[in-house]
Amino acid sequence: MVNAFAYVNGELHAERVPAGQLAEQYGTPLYVYSRAALTDAYQAYASACTGRRAKIHYAVKANSNLAVLNVFARLGAGFDIVSGGELARVLAAGGKPHDVVFSGVGKSTAEMRIALDAGVRCFNVESLAELARLNQVAGESGQIAPISLRVNPDVDAKTHPYISTGLKANKFGVAFDDARAAYRAALGMKHLRIAGIDCHIGSQITEISPYLDAIDKVLELVAQVEADGAPIGHIDVGGGLGIRYDDETPPDIGTFVKAILDHFDRRGHGHREIWFEPGRSLVGNAGILLTRVEYLKPGAVKHFAIVDAAMNDLARPAMYDAYHAVDAVAPRDGQPPVIYDIVGPVCESGDWLARDQSLVLKSGDLLAIRSAGAYGFVMSSNYNTRPRAAELLVDGARVHVARRRETLAQLMDDESTLPD
Ligand code: LLP
């Protein structure tokens, strides 16, 4: 893996550009992505798939900035989307409809129509009701919708309950025990074509074994469904590979992909077309969030560093108790560190970004919040009427403004006071 965010002469750089210079020029809070890191992660998937019938569909929800999507489109990636909005982004970024898989538990009629008209590769359908609706929508427009069922293999992905999706108790997918009947129902629907089978067991998964368990269950179903007369063209194993935020030890991408492909070989299914839907592992460590220290606030129990980024910019700590490492952009040597909670200006006690960080800080210092490339900007909001951060894509010594900082005027543009 390239180390896209490393220290050179005592200062953190994004590829070849000093982080301090970026903050100076573009302001903070500021998301910074590395093209080399995005490319490297994608190539790790792609090269592990060399010589195989396999396709990587980037899960757009993890980071849907057009520049990021464009990097992946240029590399030949497909895309996994969960809304009509994500489809529009993929197309605007140069992705091809035929490389798009449409996932999600609540597709609307309008979204189905748009995706059918665009010609997406496959709909990952999550319920009988959705099958029936898609059949009707396709029929109305004289089309045949390619489908796979997202089956819920009921395996424990051993991850945070909010991001575990493959258990019976989750809202996602068709229950394993109902899946054969659902495929039979699909076989009887004139405007659907069965293309494959799909599962996704969760996110930030750091072990391979839950995937292998899920694949075994999916293969049981494949045999049943094919016996019922529906050839399964591809098997989509979902996304979910974890990254290192702290001391996690996920397998690296190549090891993960090889373990999965080898497992299909061992089970006699090496000839199958295999799809992956990774999000976090492609973008998570390809991004940082730069923020400036506004105030240091010593306390009786805790010392706080109040910074200019907040929970509206990076929701993961507040939402999932998630850990993001924090580093000084230009660490000060020779002074004793203090243990700080890094908190934002939003009026909520839950507005924290990191806890118990040992740092030497002064007001005005810059901090880098690590691993912010996935589920960072995309989950940001305008809470407390805070314009959303700018996003940059750094490529060597070049800086591309991937998204300008939002303005207050933009924020209020669609609102109005009452008439007289
Ligand atoms: N495919 C499907 C159907 C999904 O639901 C997801 C993520 C992915 C692929 C990509 O999973 P990944 O490779 O990124 O783990 N906001 C949470 C994560 C939510 C994940 C939702 N589904 C977080 O910040 O941790």
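All figures in this text were calculated on a predicted structure; none of them were measured in a lab.

Enquirer: Looking at this structure, how should I read the site of the ligand?
Expert: In the vicinity of the ligand lie 18 residues, with Ser203, Glu277, Arg280, Arg316 and Tyr375 positioned nearest. Within the backbone of Arg280, an N or O atom sits 2.7 Å from an oxygen atom of the ligand. Interatomic distance of 2.8 Å between a side-chain N/O atom of Tyr320 and a nitrogen atom of the ligand. Considering the ligand on its own, with 590 Å² of exposed area, one finds that the protein chains cover 92% of that surface. The residue inventory of the shell around the ligand, partitioned by class, reads six nonpolar, six polar and six charged. When we break the shell around the ligand down by domain, the ones giving at least three residues each are domain 1 (5–33 + 286–411) and domain 2 (51–281).

Enquirer: Even after reading the chapter, I still don't get the UniProt feature "modified residue: N6-(pyridoxal phosphate)lysine" (unreviewed entry) in the chain, so can you show me in this structure?
Expert: Those residues carrying the UniProt feature "modified residue: N6-(pyridoxal phosphate)lysine" (unreviewed entry) are Lys61 in this numbering. Mapped onto the fold, Lys61 is located in the loop between strand E5 (54–59) and helix H3 (66–75). In this structure Lys61 comes out as partly exposed when scored by relative accessible area, which is 34%. Excluding anything up to four places from it in sequence, Lys61 contacts Asp80, Val82, Glu86, Tyr375 and Val378.

Enquirer: So what exactly am I meant to see when it comes to helix H1 (residues 19–26) here?
Expert: Every α-helix winds through 3.6 residues per turn, so residues three or four apart in the chain are directed the same way. Inspection of H1 places Ala19, Gly20, Leu22 and Ala23 among the buried residues, and these make up the whole buried set. Viewed end-on, H1 has its buried residues packed into an arc of 160 degrees, placing them on one side of the element. Exposed and oriented more than 90 degrees from the buried face of H1 are Glu24 and Gln25. Among the residues trailing H1, Gly27 stands out with phi positive, at a value near 80 degrees.

Cut-offs and rules
Residues numbered from 1 in each chain as written. Predicted model: local features only at pLDDT ≥ 70, side-chain atom pairs only at ≥ 80, totals over all residues. Heavy atoms only, no water. Near = heavy atom within 4 Å. Polar contact = N/O pair within 3.5 Å; in protein donor to acceptor, adjacent residues only side chain to side chain. Areas by Shrake-Rupley, 256 points an atom, 1.4 Å probe, with all protein chains shown as cover. Nonpolar A, V, L, I, M, F, W, Y, C, P; charged D, E, K, R; others polar. Domains from an automatic or database assignment. UniProt positions renumbered as here; feature names shortened; annotations may be inferred. Helix = DSSP H or I, 4+ residues; strand = E, 2+ residues; numbered from the N terminus. Buried < 20%, exposed > 50% of the residue type's maximum accessible area, 1.4 Å probe, protein only. Contact = heavy atoms within 4.5 Å. Arc of directions from axis to C-beta.

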